[in-house]
Amino acid sequence: MNSFQLLVALIASFGGLLFGYEVGVMNVVLVMDAFRIFFRFFSWNGGALDEKGNNIKGNEEKMYRKLEEAENKATLEGVITSSFVLGALCGALMATYLGEKYGRQRTIMIGACIFTCGAIIQGLSARTWIMIAIGRLITGLSIGCNGVLCPTYISEVAPAKIRGTLSSCYQLMTTFGIIVAATINSIVWYYTNARPEDLGTPRNDVWKEVSNYEWRFALLFQVVPGFGLATLMCFLPKSPRWLCSKDRDEEAVQVLAKLNTASTSDELVQSELKAIQEDVAATRAAGSSSFGELFSPVIRRRTFITFLMQLFQQWTGINVIMYYQSQIYNEIGFTKFMSTVVLPIINNFVNFISTFPGMWGIERLGRKTLLVIGSLMMMAFHISTWAFSTQTDKGKLWQYLAVASIFLMVFSFTWTWGPVPWVHQAEVFPLRIRVKGSAVGTVSNFLNNWIIANVSPALMKAWSTKSFLLFAAACLLAWVYSQFYVIECKGLSIDEMDAKMADKDKLNFEIKLDIDKKKRNPIKRSKNLSDSVKIQLVISSERHPTTPIITETISDTASSTQNEINCVSRLT
């Protein structure tokens, strides 16, 4: 790997920074007094609380506002938070079409511009939850689209040996975005919410606004990374695979030469170009792809693994912690300052640092190993968080043990389940359906994220820290899934994945066909095949008689020993 390849991967990973900032900023904004009063989550009659967040009983110093929770607080909080995820779900679906039509690089740039527009709408929102929800939905469209295309783009420009490491840069930048958002906005929160004006002075209108600078600044600051990504993407090359798919081979070889810091005639550049051309030729010969192909015999296992991997990633409970961690710390018994400033910054720093072991382990330990280890670790720490939280009335030691368990749970997630699903979905599918397959995973991620974001406020209100037991059970199911269903794909080519995804004991047939440009002979129906059959088609053209331009694996696993497989291959 050279410095330019690293630079390209890091810039494309800035799509993760936008995602991270959006997640991190809401944790702080949701506990800003001005935001709560503006959108009528809480009312304020002028009452005050002391430094620990308790009612004033004597001569204690007045430190914070005493807000009264509205009946619809949990509902409105869930709607505003989850509207972003709903937009991300739609954006992931749009990514398939836009990524194929306009290319990965250009679509990521457009997505960053959309993110910037959504941030402006949020920051300038009128006093209605509808406007801020629309703004968050628009930023979600960008995040969902780029969540599909950024890892895909990185995987298509990265060297195969470190593809997983560079693809996990997206997760690294996501965690970095969270810590940036938490640090900046926690400081803003402290200087605007501690010892505010008119504290202790009765108010006739309990819904009257206070200064809205704090939350408007926090949301408008998203314009900076959004505009930055749009600008930087202008200087990055287009995906060489996408260029070849559009018959722009001359541009593709120029990009490959630049990525490898070599001349266009260099042997490495030419070998990479040849591999891409063969892959594209195979894709065209097999015809246009559709979402239905994701459920074909040879692909469907990959589709289900990808969908379930992203589902379990969300049900580990990580985003409940990241969205509502300040409220969780407050529930455990910490002061407002500790809950909103100190502990979130520490937790988000743990989240960021923990990404590096994942970048190391994803290539050395393998994808499956990380999932298995992570599931067991998260389950253990969810249970310990609940157990310690039940003892917090016995002293501060139990409070700190509960928080330590939360930090360890975040560590367990970030180096295992954090990067693996994104790397897996970007590399496991063949080129012809790569974007569609990646979109299925991203849709699963945001769909389950939306469900969790919607129900979490009500869940935490009803169950409090018992919610951690629910996520512990989900981690147990994730372990079963990882141990017995996931296939390790570290270092495998697409053809090797085809073989490994099928049953290991299948009977192999190889049919080699030489097809003249003027002749198009379909493969005749094969009858009386055994219960498990894998047929590999290798088709050569007249122009390159020794070079396969199609390598398709078709698998059929049926309960009957009498199967019929129709294979028709066309060269267009």
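Up top is the structure these notes are about.
Residues numbered from 1 in each chain as written. Predicted model: local features only at pLDDT ≥ 70, side-chain atom pairs only at ≥ 80, totals over all residues. Heavy atoms only, no water.

## Focus on the overall build of the protein chain
Formally: Secondary structure elements follow DSSP: runs of H or I of four or more residues count as helices, runs of E of two or more count as strands, with numbering from the N terminus. The method behind every accessible area is Shrake-Rupley, applied with a 1.4 Å probe, and residues are considered shielded solely by the protein chains displayed.
Scanning the protein chain from N- to C-terminus turns up 23 helices and 7 strands. A total accessible area of about 23,800 Å² is found for the protein chain, and carbon and sulfur atoms account for 60% of it.

## As for the packing of helix α6 (residues 129-157) against helix α20 (residues 420-427)
Rules: All axes are obtained by fitting lines to C-alpha atoms, using only the stretch in contact for helices, and the reported angles, taken between N-to-C directions, cover 0 to 180 degrees. Oblique is the label for any angle not covered by the other classes, which are roughly parallel (under 35 degrees), roughly antiparallel (over 145) and roughly perpendicular (65 to 115). What makes a crossing left-handed is the near helix being turned counterclockwise from the far one by less than a right angle; a clockwise turn instead makes it right-handed. Any pair of residues with heavy atoms lying within 4.5 Å of one another is described as a contacting pair. Gly is placed with the polar residues, together with every amino acid not listed as nonpolar (Ala, Val, Leu, Ile, Met, Phe, Trp, Tyr, Cys and Pro) or charged (Asp, Glu, Lys and Arg).
Running from N to C, α6 and α20 point in directions that differ by 65°, and their axes come no closer than 9 Å. On the basis of their axis angle, the class for α6 and α20 is roughly perpendicular. Pair α6 / α20 crosses with right-handed handedness. Listed contacts from α20 to Gly147, Pro151, Thr152 and Ser155 of α6 are Trp422, Gln425 and Ala426. Along the lines of polarity and charge, the residues of the contact of α6 with α20 split into 3 nonpolar, 4 polar and no charged.

## As for the layout of surface pockets
Rolled over the atoms, a probe with the dimensions of a water molecule shows which regions are left empty. The line we're drawing: Whether a set of points on the 1 Å grid over the protein atoms alone is a cavity depends on a 1.4 Å probe fitting there but being unable to get out, while an open set qualifies as a pocket with protein on both sides within 12 Å along at least five of seven lines; lining residues are those with an atom within 4 Å of a point. Grid points are joined across faces, edges and corners, and a volume is the space filled by probe spheres set on the points.
The computed volume of the second largest pocket comes to approximately 790 Å³. Lining the second largest pocket are 32 residues; nearest its centre among them are Arg36, Phe42, Glu69, Gln327 and Asn330. Listed by contribution, the elements that provide at least two residues to the lining of the second largest pocket are α3 (33-38), β1 (42-49), β2 (64-69), α4 (73-102), α15 (318-332), α16 (336-353) and α21 (434-463). With 6 residues, α15 is the single largest residue contributor to the lining of the second largest pocket. Here the residues of the lining of the second largest pocket sort into 11 nonpolar, 10 polar and 11 charged.

## Considerations on the environment of Pro151
Quick note on the threshold: Only protein chains enter the accessibility calculation, which uses a 1.4 Å probe. A residue is then buried if its area is under 20% of the maximum for its type, exposed if over 50%, and partly exposed in between.
Positionally, Pro151 belongs in helix α6. A residue is classified by how much of its surface remains accessible, and Pro151, at 1% relative accessible area, is buried. Sequence-wise, Pro151 and Gly15 are 136 residues apart; in three dimensions their C-alpha atoms are separated by 9.3 Å. Look past the residues within four positions of Pro151 in its chain and what remains in contact with it is Asn146, Ser167, Tyr170, Trp422 and Ala426.

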